[in-house]
Structures are given as structure tokens and as C-alpha cells.
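Single-letter residue listing:
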Protein chains: 2
Amino acid sequence: MKRLAILGSTGSIGVQALDVVARFPGRFEVVALSAGKNAARLAEQVRRFRPRLVAVADEGAARELCGLVPAGVEIVPGEAGAVAAASHPDVQFVVAAISGGAGLRSTAAAVEAGKTIGLANKESLVLAGELVMRRAEERGVAILPIDSEHSAIHQSLAGHNRDEVRRLILTASGGPLRTVAQAELREVTPARALKHPNWSMGDKITIDSATLMNKGLEVIEARWLFGVDPRRIDIVVHPESIVHSMVEYIDGSMVAQLGVSDMRGPISYALAYPERLALDLPPLDLARIGHLGFEPPDPARFPAFTLAYRALEIGGTAPAVLSGADEAAVAAFLAGRCRFTDIADLCAAALEAHTSEPLRSVEQALAASDWGRREAERRVGR
Amino acid sequence: MKRLAILGSTGSIGVQALDVVARFPGRFEVVALSAGKNAARLAEQVRRFRPRLVAVADEGAARELCGLVPAGVEIVPGEAGAVAAASHPDVQFVVAAISGGAGLRSTAAAVEAGKTIGLANKESLVLAGELVMRRAEERGVAILPIDSEHSAIHQSLAGHNRDEVRRLILTASGGPLRTVAQAELREVTPARALKHPNWSMGDKITIDSATLMNKGLEVIEARWLFGVDPRRIDIVVHPESIVHSMVEYIDGSMVAQLGVSDMRGPISYALAYPERLALDLPPLDLARIGHLGFEPPDPARFPAFTLAYRALEIGGTAPAVLSGADEAAVAAFLAGRCRFTDIADLCAAALEAHTSEPLRSVEQALAASDWGRREAERRVGR
């Protein structure tokens, strides 16, 4: 029995992680759950998976939950809850699936507590990858990616020599606006940008897919997760999202991982690693799919991904600023307060206005992200 | 310095293996070469790579070679030559690239002598895979595939658990006649069938690609090389020959190897394994290629591949009979003595006429292959 904490249990990844857990009875034990404010769904999860500890960020939701769950379940309200869940002494494996910068502290806590981590919170590495990975190495902590691209790279590196890697190639679906002309992008509505062709995800990440910022953030994540120079991380647009990413070796050989678009694939890979679970996902039938397309990403229409390379080049707190600025810009776009094309512009402006500092602490990274968020906000307001 | 014997050195794979060797001076030493009858090319290779032993199957060519190479080079004529090269005491690694059933004895000798083998001679496993692999296991001999499909599977299995493999999926280009209608196949000329779209190979294997018999023989090879039940080995037609083959795991995840169509890729992979060589092949640029297509193989137009599954089902000497019958049928087609569509019919007839015996020796496998050859010949003559 692998003993789990699932942080962000009521979100998309959390729910799917529990779905995987439920399919393999006797294999996992849910020791702790952590969520934001969805008390009703959390109560249902508590009744089903019987964790010992439940963290609820929202104080009101925490009070509501008290009346919904059996006595004996420890409820920890507030921001300390996720950290308590991540470092619970009975937990072996932490599914870090809180979304946004809010996930960083609990990821860092899991590293400090020596837990194996299934990382779905990309901001943990975008904001503070240098620190988190260094500390993970010192503590002997394995961080297993829970997203389709980095899981694909993990699977494509397995059994091969790291020092023989020439390039990592992240595939990008291109998002819902892949074929939209440059002039038209200014007029794109939130509803249109939210229609992702392949993946069902939260709003923030769907908009990040539409701008290609998501792929840029994944470049930053890959840079730290796999310790690869960003100049050796490329992006290729692949609309079918079947090839989830690739590794090119020095002999020109590429190893790739392919699969259907179902996050339970990478979730189960991380949960069971180094074993695999016999998931009954619909099989990938390439002969039926027939066609896989590839094209270069277009920096003229989708400049956001190039900002990630720029942030890595600046280094230090710059990626955290980019992440914060993007959170604010996407929120402003979804609220109808700025145009689709403003998102990248706001991020670029925040990045250039920032004076980067060497990264020394998680709190500093969070502060830089907040600075980026406020900077973008301020510019939206103008 | 890895000390090599290259069997079939004047053939397509042999020449490319020596090209790889020449690109990495100080890394390999060519101890022995073995060829059939091309004395002029062999003499040139001897002068360049300075082997200690040279085997020449054709006695006349052996005599011719004596006058062309420096004194001190041991020349071994006749069929014993390849066996002597394969088991030379100074050799560590044998590139088994003799074509056809003629390659089996020297592969078996290399196994007995405990050499690591880079196997380009698929007949070694088609005729006697059960025996060769069992003996290789007993002798602790590693057999590394030198063909693009099995090299791809080798690379896609590395680092993963063998008992979590659900399927091997061999890709097939579909050959030069992939889009030709059934009625028209009867009229296909050798010249047309020899125009392979992606790979430059010998005549026999190019015709085998056109009939899909080659893919069937590769299924037999994969069955023994990777110890996988044939019911878990599938074929998908992929005209671009970029995805060289794939492995599907029990969680639905597929790992694939991709690359340009250049045999120096799989040759160098086997030669340097477990390292990789920094080959300067043209890089694979998927964004430029743009499109990868996949379709099911068509047993109605190309029934030959189904015969391989049938031969494995019969077992024992049946695959050897199929291989021999195919050699004769392809030779007859190339000589204008039968139709393209007769190739599969001749093979099927030989297979059904044969009474299979459990496989006990290499000589028995060779005899079965000869029987298949004669049986197909006899039917062509009618």
C-alpha cells in the first residue's frame, strides 16, 4: 500500500488521481486530502477514501466540512493545511495538484519532509525550480512529473544515458486558436479561447494553451526537472496531442511517448512508478487516427512561449515574475478586461520592468510572482 | 577499442557498418572481414581497415584476393571462412550481416564463441530463433538488432519492465506498391517492385517489402528476439518510415523510436551499445516533414505477412520453410518466371505442404529452409 496525500483533490487532476486510486483497491491508501473551498465534493471524497487528515484552505469551507464528515477526521483549515497534508508523517507520496503559485509552499514542504512527489503543479518549478530541485537532490527526493509532456520525457529518458541527450522536444497542441490569423487574434473572446480541442482542463491552463504560454512554462519546468539547458529544449506544434513529447539523442535517434489524451495516463505513471498500472483507457489505434501533424510554433502570432526562454535567460526571479504576470493577465482576459493579444504584451512588459535577483528562498519566489501579478494588473488598469 | 568481425562486409549493411567504424577512429578495431565474392571491394576494405583475417565464400574470389592484399593477412576461403571470422579469438563483437539463410551458421558460431552480436541477418532468427536465442541465453550472449524496427523496439523497451509490455507494434512502409489496386498487382514488374520509397536496400529485401513478407519475417524475428507471443505483435503501415516501431505498455502508454531512414542509425546503436555515437546524420525535423500517416496492413492485397503468423502458429521447422520458399519465389519473380502475386501463393503452398518437426538443430533448420526453397521452385516450374 502506497500512502498518499492528494493536494488539490477537488480539482481536475485531484479528481482523476482519486479515480485511479479507486480503480486499484489495495494498492493505495489516501492518508490526506487537501482542497481549496469545494466542501461538498471534499466531503464526498472523505466519505469514500477515509483520509486521516483533510486540509481546507478556505476557513468557511473548513467549518462547513466539519458538519459533513465523520468524527475522527482531522480538519486543518487555512494555508497551513496543505503543508500539513504534504508533510504528514504517514504519507509516502504527495500528489501536488494545487493550481498556480499557491502550490509552491506545499511542494517545498513535501520535499523537506522527504516525500516522493507526483508534480502536477508546474508553478513549483516555474517559480522556484532551481531551489526545489537542488533541495530535492539534497534530500534524495524523487519528483515525478504529472503532466503529459514531462511524463513523456521521463518515459523517453528511462534506460538511456542523460549525457547523450541532444534535445528535449515538447509537443504543443497549438490550442484552440492555432489556425486563427494574426489580425483576428485581437478579437478572440474568452469563450472561443476556452474551447480546447484535445484536453479538458481548467480555465487558466486552457488560456495558457491558447497563447502557447503554457508551453513556455513547460519549457521552464523541463529545464529544472531534467537539468537541461533551455537552448536544448524545443517546441513542436502537434495538433492531435498523440505524441506527448520526445527526446533526441546524440546519434539523431528520437524516443517518444504516445498515448490517448487522458490525464489518468501520466497520473497513474507517477503514482505507480517504477511499475505501471493496467489502466483500461481506450487503446491508441494509430491506424484509425491515420494522421499525425507537426508544424513549427509561430512566435509572430503566439509570442508568449518566447518569453519563457527570455525569463530563463534572465534567470533568478524572472520566471516567477512571468508566471505571476501571466496569472493576472489571463484573469483580466477572462474577465473581459483586456484583449487576448494583451496577455503576452502584459507579461513581456512585466518581465522587462523587473530587476531580477538571484533566487534564495521560496518566499522570495512567491514575492516575485506577486510583484509580476501586480505589475500586470497595474498595466491592465491603465 | 571494440574488436569487430564484420560478416557480409561488402553488402549494404557491411559497407555502412564500416562507414560508421571509419567515422569513429580509435573506437573500433576491425579484426575480421567476411564477404561472398566481391574481391575488389573486399581488397579495398582490407587495405583500409587492416583486418587480421579475411573470409571469402567464393573460392575464385579468395584466390583473386590473395594477389590484392598485403602479406600477413590470413585469407580463409569457402563457407568455413565466415564461421572462422565469427569465432576468431580476438573478436568481441560480430556484425552478422550476411544475407539470407547463409548467415545462420556464422551467427550460431558467434553465439557458441560467446561474442556479442549485432544481428542484421534476420534469417538467423526466422530459421532458428528458438535455438539461437536459447543458446545465446545459456552462453550469456547479447544479441543486438541491426534493423530499424527491432532497434526501435530495443530502444523503446530500455528502462521499462518487460512484463508490462502489452504489444509490440512494427511499422511497415508499405513498400512501393502500397497504393496499387489488387487487380493491378498481378501485372507488377520487378523494376516497379524494386522502387522502394524510403530505404535503399538489396533486391531480395526490397521485394519482401513490396509483398509485406519482410514485415512478416520481422514479426518472427521480434517473437524470438524479445520473447513476445506473436499474438501480441502487430503491424501498422506507416509510409514515411519515420516512426521505426513502438512498444505499448499495460497502461496504454506507447514508447516509440523515430529517426531518419538511414541504416547507420541502428548500426551505430548496436555497435556502441550501451553508449551512443555522435553520428552527424541529418536531424529529424518533424515540423518540416509535417505529416506522419498510419493505416492498417491489407491482408487481401498483401497476404504474405499473414503467413508469418501462420508459420509461428505451426512452429518448429515451419518458419524456416516459409523463409526458403520466399527466397525461391522472390528469385523466380525477379527472373520473370512468376507473377508478383504468385510469391505469397508459392509460400503458402510450401507452408501447407510441409510437415513441421520440432526444431532441434541449425542443420535441421537449414534443411527445412532448403526444402521450402525446392518446394517453391518445383511449383514455379509447373
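Everything in this summary refers to the structure shown in the same document. Computed from a predicted structure; not experimentally measured. (Residues numbered from 1 in each chain as written. Chains lettered and ligands numbered in written order. Predicted model: local features only at pLDDT ≥ 70, side-chain atom pairs only at ≥ 80, totals over all residues. Heavy atoms only, no water.)

**Things to note about the sheet that holds strand β9 (residues 233-237) of chain B**
Either a parallel or an antiparallel arrangement is found when strands of a sheet pair, and the pairing is made through backbone hydrogen bonds. If you trace the 8 strands from one edge of the open sheet to the other, you get β9(A)-β8(A)-β10(A)-β11(A)-β11(B)-β10(B)-β8(B)-β9(B), paired in mixed fashion. Looking at strand neighbours, the two that pair on one side only are β9 (233-237) of chain A together with β9 of chain B, the edges of this open sheet. The sheet shows a mean angle of 20 degrees between the axes of neighbouring strands, taken without regard to direction. Of the strand pairs in this sheet, strand β10 (residues 243-249) of chain B and strand β11 (residues 254-258) of chain B are connected by 5 bridges, and their pairing is antiparallel. (Pairing = 2+ DSSP bridges. Helix = DSSP H or I, 4+ residues; strand = E, 2+ residues; numbered from the N terminus. Axes fitted to C-alpha atoms, helices over the stretch in contact; angles between N-to-C directions.)

**Points about the packing of helix α15 (residues 318-334) of chain A against helix α17 (residues 362-381) of chain A**
All names here are of chain A. The geometry of α15 relative to α17 is characterised by a closest axis approach of 6 Å and an angle of 40 degrees between their N-to-C directions. For the element pair α15 / α17, the angle class is oblique. The handedness of the crossing between α15 and α17 comes out as right-handed. Two secondary-structure elements touch here, α15 through Ala320, Val321, Gly324, Ala325, Glu327, Ala328 and Ala332 and α17 through Ala365, Ala368, Ser369, Trp371, Gly372, Arg373, Ala376, Glu377 and Val380. A class-by-class count of the residues in the contact of α15 with α17 yields 10 nonpolar, 3 polar and 3 charged. (Parallel < 35°, antiparallel > 145°, perpendicular 65-115°, else oblique. Left-handed = near helix turned anticlockwise from the far one by under 90°. Contact = heavy atoms within 4.5 Å. Nonpolar A, V, L, I, M, F, W, Y, C, P; charged D, E, K, R; others polar.)

**Things to note about the relation of the copies chain A and chain B**
Taken as rigid bodies, chain A and chain B are interconverted by a rotation of 180 degrees and an axial shift of 0.0 Å, the fit giving an RMSD of 0.0 Å. Each copy turns onto its partner about a two-fold axis. Across chain A, the rotation axis passes nearest the C-alpha of Gly159(A), at a separation of 1.8 Å. (Least-squares fit on C-alpha atoms with pLDDT ≥ 70 in both.)

**Concerning the nonpolar core**
Grouped together as the largest cluster of nonpolar side chains are 182 residues, with contacts concentrated most on Ile143(A), Phe340(A), Ile143(B) and Phe340(B). Filtering out sequence-adjacent residues up to four positions away, Ile143(A) remains in contact with Val111(A), Ile117(A), Leu119(A), Val132(A), Met133(A), Ala136(A) and Leu225(A). Residues Ala17(A), Val21(A), Val56(A) and Val69(A) belong to the second largest nonpolar core, which totals 38 residues. (Core = buried A, V, L, I, M, F, W, Y, C linked by side-chain atoms within 4.5 Å. Buried < 20%, exposed > 50% of the residue type's maximum accessible area, 1.4 Å probe, protein only.)

**Looking at the pairing of strand β2 (residues 28-35) of chain B**
Residues and elements named next belong to chain B. Of all the 8 residues making up β2, 7 are buried; the element is thus mostly covered by neighbouring parts of the structure. Sheet analysis places strand β1 (residues 2-7) next to β2, joined by 6 bridges and oriented parallel. Residue pairing in the sheet places alanine 5 in a bridge with alanine 32 of β2. Where the polypeptide runs from β1 across helix α1 (residues 12-23) and back to β2, its parallel neighbour, the crossover connection is right-handed. Relative to strand β3 (residues 53-56), β2 runs parallel, the two being bridged by 4 bridges. Note on β3: the bridge partner recorded for alanine 32 is leucine 53. As for the winding sense of the linkage, the β-α-β connection from β2 through helix α2 (residues 39-49) to β3 is right-handed. (Right-handed = clockwise from strand over helix to strand, strands pointing away.)

**What to know about helix α14 (residues 304-314) of chain A**
Residue and element names in this part refer to chain A. Those residues of α14 lying buried are Ala304, Phe305, Leu307, Ala308, Ala311 and Leu312. Burial along α14 is one-sided: seen end-on, the buried residues are contained in an arc of 150 degrees. In this fold, the buried residues of α14 make contact with α10 (203-211), α11 (213-225), β9, α15 and α16 (342-353). (Arc of directions from axis to C-beta.)

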